[in-house]
Amino acid sequence: MPTSHNVFFASLNDDETFKVREEQQLRDIFEPTGALDSDKTVIAYCGGGIAATWNAFVLYLLGKKDVAVYDGSMTEWAGDSSLPLHTK
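Parameters and conventions
- Residues numbered from 1 in each chain as written.
- Predicted model: local features only at pLDDT ≥ 70, side-chain atom pairs only at ≥ 80, totals over all residues.
- Heavy atoms only, no water.
- Helix = DSSP H or I, 4+ residues; strand = E, 2+ residues; numbered from the N terminus.
- Rg over C-alpha atoms; globule rule 2.2 N^0.38 Å.
- Buried < 20%, exposed > 50% of the residue type's maximum accessible area, 1.4 Å probe, protein only.
- Contact = heavy atoms within 4.5 Å.
- Areas by Shrake-Rupley, 256 points an atom, 1.4 Å probe, with all protein chains shown as cover.
- Lys, Arg positive; Asp, Glu negative; His and termini not counted.
- Charge placed at Lys NZ, Arg CZ, Asp CG, Glu CD.
- Phe/Tyr/Trp six-rings, centres within 6.5 Å; stacked < 30°, edge-to-face > 60°.
- Lys NZ or Arg CZ within 6 Å of the ring centre and 35° of its normal.
- Patch = residues over 30% accessible without salt bridge, like charges linked within 9 Å, V, L, I, M, F, W, Y side chains within 5 Å.
- Salt bridge = Lys/Arg side-chain N within 4 Å of Asp/Glu carboxyl O.
- Core = buried A, V, L, I, M, F, W, Y, C linked by side-chain atoms within 4.5 Å.
- pLDDT = per-residue confidence, 0-100.

With that settled, the discussion passes to the overall build of the protein. Scanning the protein for helices and strands turns up three helices and two strands. Its C-alpha radius of gyration of 13 Å places the protein within 12% of the 12 Å reference for a compact globule of 88 residues. With the principal axes as the frame, the protein shows a C-alpha extent of 40 × 30 × 25 Å. The 88 residues of the protein split such that 30% are buried. Across the protein, the fraction of contacts at a sequence separation of at least 24, relative to all contacts at a separation of at least 6, is 58%. Entry remark: accessible area of the protein is about 5900 Å², with carbon and sulfur atoms responsible for 54%. For the protein, the separation between the mean place of its 7 positive charges and that of its 13 negative charges on side chains is 4 Å.

Now for the packing of aromatic side chains. Under the counting rule described, the total for this entry stands at one aromatic pair. Note that Lys65 overlies the ring of Tyr60, its terminal NZ or CZ placed 3.9 Å from the centroid.

It is worth spelling out a nonpolar patch on the surface at this point. Where nonpolar side chains cluster on the molecular surface, the patch consists of Phe57, Tyr60 and Leu61 and spans about 310 Å² of accessible area. The topology assignment puts Phe57 in helix H2 (residues 51-61).

Time to look at the nonpolar core. Soluble, globular proteins show a tendency: their nonpolar side chains are buried together. If you look at the biggest cluster of nonpolar residues, it comprises eleven residues: Val7, Leu12, Leu26, Phe30, Ala35, Leu36, Val42, Trp54, Val58, Leu59 and Leu62. Looking at this core, the elements with two or more residues in it are helix H1 (23-30) and H2. Ranked by residue count, the leading element in this core is H2, at three residues. With residues near it in sequence (within four places) discarded, Val7 still touches Leu12, Ile29, Phe30, Thr33 and Asn55.

Note on placement: Tyr60 falls in helix H2. What makes Tyr60 partly exposed here is its relative accessible area of 45%. Between the C-alpha atom of Tyr60 and that of Gly72, which follows or precedes it by twelve residues, the distance is 20 Å.

Take the confidence of the model for the protein next. Residues of the protein with pLDDT of at least 70 account for 91%, and the chain-wide mean is 84. Between the elements of the protein, mean pLDDT differs from a low of 77, seen in helix H3 (residues 73-78), to a high of 93, seen in strand E2 (residues 67-69).

Okay, structure coming up:
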């Protein structure tokens, strides 16, 4: 999706128990993406809308209250040929 940034949900965990990393570590992960900017609304997505909920939850914990989850995520987006899709 144009203008999107990848933050792999597992990078937000200290281990496989989903213990959230320290706050500054999380901020360091999200700040380069612009997700913590006060003037931006974030829409988290993934392949099908499940893993994106973890990113949205962590952003909420960091004080980002205007976070949405695109429940159709890439499955829905890629299925619509009228929507822009950039690949690297």
